[in-house]
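Tertiary structure, described
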Amino acid sequence: MASKWPERVGSFCSGPSSFLSGTNPEVFLSELLRELRDDRASSSIKVVLLSPLCEYPTLLCPSDPAGEETALDLMSVFTQCPPTCTQFRCQLLVTLTCVLICSSCVSKRSQVSLDFLDLVLQVAQDTGDISSTSPQRSLRATACDCLRDLEACCPGLLSQRLELLGGLRQQETSRLHQVYTGLQTVALRNAVYHLSQEPGAGAEHLKALLGGNTSAVWEADQDSFQMEGKDWPGLASLVLGPMGSVPTLHTGADCKELKSVLSSLLEESYLLTPLCQAALLHRVTEVVAMVPGVSPAILRAQLLRLLGTSEVCLFHVALLMKGAFTDSLFSAEDEAFLLKRLVVLSQHPVLSTPEKLFYMDCILHFPENRPISCGDGEALPVLLTPQLASAVLPTVFNDGGTLLARLRLLSLVYLEEGDVGGEGLAYLYGQLRSLLRVVESGGSRDIAVTFFRAAFLVLLYFSHMEQFCSGLSRQLCQLYLQHPQLAPHIINMADRTQERLPESGWALGLLRGLQKVITEARLTLQDLGWHLKVLARVAEEAEISQRCTLTILTSIITSSLCTGGDWRLGNGLLGVCRRLLLHPTVDSMLVALADILQHLACHYGDTDIQDHARLYFTLLTTLSQEKLAAMLEQGPTEGERQVKKRTLSCLMAESEGLTSTLTVHRTDKPILRLTEAPEQPEETTSCDSNQNELNEALETYRAQFADPHFASEVTLKYQLTHTEASEPGFDQIFSIRLHFDLTDHHYEQLEDISVPCLFRERPPPVVQLRLKPRQPYPTSLHVSAMFTTREGLTWHTHLPDVHVVFQQVFMPLPAPPSWAPGSRLKVFQNLWDEICSETGDGAVSLFCCQLRGAALNVLLDKHLLPFLLPGPSGQEESKVLIYLPPQNHVLLSIRAEEDAVHFDIATDNWQLLPHVNSYLLTITS
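Residues numbered from 1 in each chain as written. Predicted model: local features only at pLDDT ≥ 70, side-chain atom pairs only at ≥ 80, totals over all residues. Heavy atoms only, no water.

**Overview of the overall build of the protein chain**
For the record, the criterion: Think of it this way: any DSSP run of H or I at least four residues long counts as a helix, any run of E at least two long counts as a strand, and we number them from the N terminus. Each residue is assigned to one of three classes by its accessible area relative to the maximum for its type, calculated with a 1.4 Å probe on protein chains only: buried under 20%, partly exposed between the two thresholds, exposed over 50%. What makes two residues a contact is simply this: any of their non-hydrogen atoms within 4.5 Å. Here the accessible surface of atoms and residues is derived via Shrake-Rupley with a 1.4 Å probe, and residues count as covered only by protein chains that are part of the display.
Within the protein chain, the regular secondary structure consists of 37 helices and 13 strands. Burial statistics for the protein chain: of 925 residues in total, 48% are counted as buried. Residue pairs at least 24 apart in sequence account for 71% of intrachain contacts in the protein chain once pairs closer than 6 positions are excluded. Of the roughly 45,200 Å² of accessible surface on the protein chain, 52% is carried by carbon and sulfur atoms.

Take a look at the structure:
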């Protein structure tokens, strides 16, 4: 069996849902745990067995009790595992951490998570390893990682262990010193934050934390750890800058213990790797920001190496410190040096492009000692002069990202200095022209995109420069004339400019220029599609005359370009006509536009284009301008350009208004739901029979049971009702079609169900779900519905999932009506004997519970009466026979003992036992 586990685990990890559809998660988990406890399995196989729990703990342990039970089993395996199996023990710790965190045991401070925390701390304190290759050192490193994850997912968990963590850090001389340092720093930061949120907390509380009572982790008020109504920041940054605020812990000047801990951490920080140094300094910065009693000067000794570092992470920490403490830690000379350093690094040839872009962004978000602006947007530092910024002048040899970043920076510099007509803007405009020439000569797509972004960027900053704007517009028109395939970029630039500069008329000027160059250009079939896209965009502007557009359309339809009847070309022509139908001056264009549409309807070589041209002609000549606009308008408000998701029929018809009745609309929230219908009592009949008839009936039942279609269907009744949040427009709906999607492979696919109507004021209709189980397990069904409203619109909505619980699959024994009560008893006894014979997949089990007095009779009458077999009067034992389609049985023999009630369980499918146990727990609780 062990040889099959790698294959099974691989199958599970490659597709957990499909794998679990063929088995029960609880059964698979129990098999994993049983194999882990087996001493005959090798440690390498056991490592493989832990991977499902590591990667998918929520699937195998979906509830808190399941997580606790699994964790207890794994901890038992850990304590019994030999110390030589280092890899397996490390993986066990990681698996336990995943299970406890994902099942919420840690956040709820359960006893299991408390025991695990003690276990991990014991492993972390075991410093018996001398050699660097000792297996124990690897186990300690894993324990520290687990502690870090526990603290990250549940901040404040180690707040009472600060003294212990500090001692471990100081005693450690191996590479694990770095791990202990990071763990202590994060725990210290979270503990201080926790205290800052507590009313009345002060120096004495901080001193108690740092001196930590290691015997009391959660013995204090647990509600204070939960912090209801407050969000823990986890490992997110608390440094909000000089204009922001952080939680404050008022300790006065008496916090020498905290200063001692911070000084010790800072003195050893140079021993860490750059990334760990950055993390440590970041957390220390947050602690100092939260405790005013600790002066930021404690960080002064670290600045010398931070300001001269080439490590990005360390330089970033220096900027975070400056944002947090400004002139209380950084002098004016430090600020000037830091800014010059950023300028040098942003164009240093040794650094990579992402690093240089990072430093460029830091200049635009530089934390000044005396910030003028309190906003979070981009702003230039006061000390950044044009002379200093000249080191990062853009050139066409820069990559796209670098060029745009430098262009933005220099534009801000020249704009702030008022040098809008001097050499600065002339240089930027020259670089833009150089980039334009590259695009004109057939540059790549990336070059073209960079040019349009650069042009848009400069236009945003210098839109008030009339000479610059008009020159850029002319150059873009000439560029389009040479390369019409750039039409999407030019149209997009016009759109974005109108959004960002609504008061500027530059976009209108550009569109007028494009209309003019198209009028003067020689039309070719290759470029005609791009011209029509531009003309359709021009037709959206009410301030632009469309006479030139009509002239172009007339010349196109009467030329040899339309003789082929190409559908794409015709659709492009109709697109321009549609925009012209919505133009405010459509009345003045009536004759010319009608002639164009009539020509298309009569002479164009594609039937579909003719039909739509005829439709537009009819609308133009029969409707007023207001009605025409209301029917064809694309957006909900006049003038708003909104892209809509349309069906293919809408695209062909070019009219969403005419096809709304053919479109299936979606509801924003559930409109309907299925609720269980109240059960109706069923009459049961029975008649007596002699022994010979009984034997014949038993043989008949066995013959029927061999048929796979015998009693294989379960009927569940539900009421279809409105949800409470449904809108009044859905109070009366018709032609409802319910569709069901399975979430697993335990059942056959359900057929759709039709319901004629549903009125809110009438009794809800009853819907019967006919389930055909492949395996009688609990399941969930995704439900959706399509229906029609009184307005004639078709809607699609999702209903809340229908959850089929285990007991809903229960059926009485499907026996002939001629059977006497004794017949069912004999079937019960025969089935019990077969299961106990240890052949096949049968299994027996025992369930015990505390039921007193008449509680057992009440339980039997309420839950098990349809399946209860009648016996002789005075019998102390009750027998229950449950049939579960397609071919399974559950037998219960219930008797009251002195100390408890015993439920003896027998089933011909051992995988049903976990569900039976859960069901008995439910009805006996």
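**Some points on unusual backbone geometry**
Phi is mostly negative for residues that are not glycine, and the peptide bonds are mostly trans. Residue Pro886 is bonded to the preceding Pro885 through a cis peptide linkage, with omega at 10°. Considering the arrangement of structural elements, one finds Pro886 in the loop between β11 (877-884) and β12 (888-896). The phi torsion at Arg109 lies on the positive side, around 55°, for a residue other than glycine. Within the fold, Arg109 resides in the loop between α7 (86-102) and α8 (111-125). With a relative accessible area of 9%, Arg109 lands in the buried category. Not every positive phi belongs to a glycine, and Ser735 is a case in point at roughly 50°. Relative accessible area serves as the criterion here: at 51%, Ser735 is assigned to the exposed category.

**A closer look at the packing of aromatic side chains**
Just so we agree on the cut-off: Two aromatic rings from Phe, Tyr or Trp, using only the six-membered ring of Trp, form a pair when their centres are within 6.5 Å; if the ring planes differ by under 30 degrees the pair is stacked, by over 60 it is edge-to-face, and anything between is tilted. By definition, being over a ring means that NZ of Lys or CZ of Arg is both within 6 Å of the ring centre and within 35 degrees of the ring normal.
In this structure the tally under the stated criterion is 17 aromatic pairs. Note on Phe12 and Tyr56: the rings are 5.5 Å apart at their centroids and 90° apart in plane angle, and the pair reads as edge-to-face. Highlighted residues: Phe12 in helix α1 (residues 5-14) and Tyr56 in the loop between α4 (43-55) and α5 (57-60), separated in sequence by 44 residues. Ring geometry for Phe806 and Phe810: centres 5.2 Å apart, planes at 85°, overall edge-to-face. Note on accessibility: Phe806 and Phe810 belong to one class, buried. Within the aromatic cluster, the residues linked to one another by ring pairs are Trp5, Phe12, Phe19, Phe28 and Tyr56. For Arg8, the ring lying beneath its charged end belongs to Trp5, and the centroid distance is 4.8 Å. Its guanidinium or amino end placed over the ring of Phe330, Lys322 lies 5.9 Å from that ring's centre, counting from NZ or CZ.

**Examining the sheet that holds strand β6 (residues 766-771)**
Rules: Only when DSSP finds a minimum of two bridges between them are two strands counted as paired. All axes are obtained by fitting lines to C-alpha atoms, using only the stretch in contact for helices, and the reported angles, taken between N-to-C directions, cover 0 to 180 degrees.
Pairing is antiparallel in the open sheet, where three strands are placed in the order β2-β3-β6. Every other strand in the sheet has two partners, leaving β2 (672-676) and β6 as the edge strands with one partner each. Taken over all neighbouring pairs, the strand axes of this sheet differ in orientation by 40° on average, direction set aside. As paired strands, β2 and strand β3 (residues 714-722) are joined by five bridges and run antiparallel to one another.

**Description of the sheet that holds strand β10 (residues 868-869)**
A sheet is described by the order of its strands in space; here five strands give the open sequence β9-β13-β12-β11-β10, paired in antiparallel fashion. What marks the edges here is a single partner per strand, and that holds for β9 (843-849) and β10. The sheet contact formed by β11 and β12 spans eight bridges and is antiparallel. Across the sheet, the residue bridging to Ser878 is Ile894, located in β12.

**So, the pattern of salt bridges**
Heads up, the rule is: Any Lys or Arg side-chain nitrogen found within 4 Å of a carboxyl oxygen on Asp or Glu counts as a salt bridge.
Inspection of every chain in the model, using the stated rule, returns 28 salt bridges. Note that Glu540 is salt-bridged to Arg537, the shortest N-O span being 3.8 Å. The partly exposed category is assigned to Glu540, whose relative accessible area is 28%. Salt bridges here are not isolated pairs; linked through shared partners, they connect Asp495, Arg537, Glu540, Glu541 and Arg579.

**Section: the packing of helix α10 (residues 162-171) against helix α11 (residues 176-196)**
Selection criterion: Each angle is binned into one of four classes, with values under 35 degrees roughly parallel, values over 145 roughly antiparallel, values of 65 to 115 roughly perpendicular, and all other values oblique. Crossings are classed by handedness, with left-handed meaning an anticlockwise turn of the near helix from the far one by less than a right angle and right-handed meaning a clockwise turn. Lys, Arg, Asp and Glu make up the charged group, whereas Ala, Val, Leu, Ile, Met, Phe, Trp, Tyr, Cys and Pro make up the nonpolar group; the residues left over, Gly among them, are polar.
At a minimum axis distance of 9 Å, the contact between α10 and α11 shows a crossing angle of 155°. What the angle tells us is that α10 and α11 run roughly antiparallel. The crossing of α10 and α11 is left-handed. Contacts from Leu162, Leu165, Gly166, Leu168 and Arg169 of α10 reach α11 at His177, Tyr180, Thr181, Leu183, Gln184, Ala187, Leu188 and Ala191. Grouping the amino acids of the contact of α10 with α11 by side-chain chemistry returns eight nonpolar, four polar and one charged.

**Considerations on the packing of helix α17 (residues 312-325) against helix α18 (residues 332-345)**
One can describe the packing of α17 onto α18 by two numbers: an axis separation of 12 Å at closest approach and a directional angle of 145°. Along this stretch, α17 crosses α18, giving a crossing that reads as left-handed. Side by side, α17 and α18 meet where Phe315, Leu319 and Lys322 of the first sit next to Glu335, Leu338, Arg341, Leu342 and Leu345 of the second. Partitioning the contact of α17 with α18 into residue classes produces five nonpolar, no polar and three charged.

**Section: the pairing of β3**
Pairing geometry for β3 and β6, over six bridges, is antiparallel. Its bridge partner lying in β6, Val714 is registered against Leu771.

**Looking at the pairing of strand β8 (residues 794-804)**
Both strand β1 (residues 664-666) and β8 contribute to a ladder of three bridges, which runs parallel. Each bridged residue has a counterpart across the sheet, and for His665 the counterpart in β8 is Trp795. Pairing of strand β7 (residues 779-789) with β8, which is carried by nine bridges, proceeds in the antiparallel orientation. Following the sheet pairing, Ala785 is matched in β8 by Thr797.

**Topic: the nonpolar core**
Rules: What we call a nonpolar core is a set of buried Ala, Val, Leu, Ile, Met, Phe, Trp, Tyr and Cys residues that are connected through their side-chain atoms within 4.5 Å.
With 201 residues, the main nonpolar core has Leu258, Phe468 and Leu573 as its most contacted residues. When residues in this core are grouped by element, the largest group, 11 residues, is from helix α23 (residues 445-461). Residue contacts for Leu258: discarding those within four places in its chain leaves Leu188, Leu206, Leu210, Val287, Val291 and Val294. Within the second largest apolar cluster, 31 residues are counted, among which are Leu750, Leu781, Phe787 and Val804.

**Structural notes on the side chain of Glu151**
The line we're drawing: Counting rule applied: Lys, Arg positive; Asp, Glu negative; His and chain ends not counted. Under this definition, polar contacts are N or O atom pairs within 3.5 Å; protein pairs additionally need one hydrogen-donor-capable and one acceptor-capable atom, and for neighbouring residues in sequence, both atoms have to be side-chain atoms.
Relative to the assigned elements, Glu151 resides in helix α9 (residues 135-153). Arg189 provides the closest opposite charge to the buried, unpaired Glu151, separated from it by 7.5 Å. Here Asn190 takes part through its side chain, which lies 2.8 Å from a polar atom of the side chain of Glu151. Leaving out residues up to four positions away in the same chain, Glu151 has contacts with Gly156, Leu157, Leu158, Val186, Ala187 and Asn190.

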